[in-house]
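Listed here are the chains, written in short residue letters.
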Amino acid sequence: MTPQEIFEYHNKWRPNAHSVSVHSDLEHKCRNWCRDNVKPEQWQCSRYTDVYQHHFLFETTEDAERFAQFVKPEK
């Protein structure tokens, strides 16, 4: 997909996105995970949505849950 097509695709699912918040220090690690595990058109990072916090948005619940397990594994 071209960058324009990805942008347009994001606009279709983003109102119903599944969001996972992470500390801003983890941005690089989280972006790498998303690049390796989710198609580019199915995730997006909203930076600094709160103090030291980013939100990673996903099209599907499954991707959001897998990402949440990566970021905050159960002990």
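Structure report, in brief. All of these numbers come straight from a predicted model, not from anything done at the bench.

## Details of unusual backbone geometry
Phi at Y48 is positive, roughly 50 degrees, even though this residue is not glycine. By the element assignment, Y48 lies in strand β2 (residues 43-50). For Y48, a relative accessible area of 51% gives the class exposed. One non-glycine residue, Y52, lies in the positive phi region at around 55 degrees. If you trace the backbone, Y52 turns up in the loop between β2 and β3 (53-58).

Quick notes on the rules
Residues numbered from 1 in each chain as written. Predicted model: local features only at pLDDT ≥ 70, side-chain atom pairs only at ≥ 80, totals over all residues. Heavy atoms only, no water. Helix = DSSP H or I, 4+ residues; strand = E, 2+ residues; numbered from the N terminus. Buried < 20%, exposed > 50% of the residue type's maximum accessible area, 1.4 Å probe, protein only.

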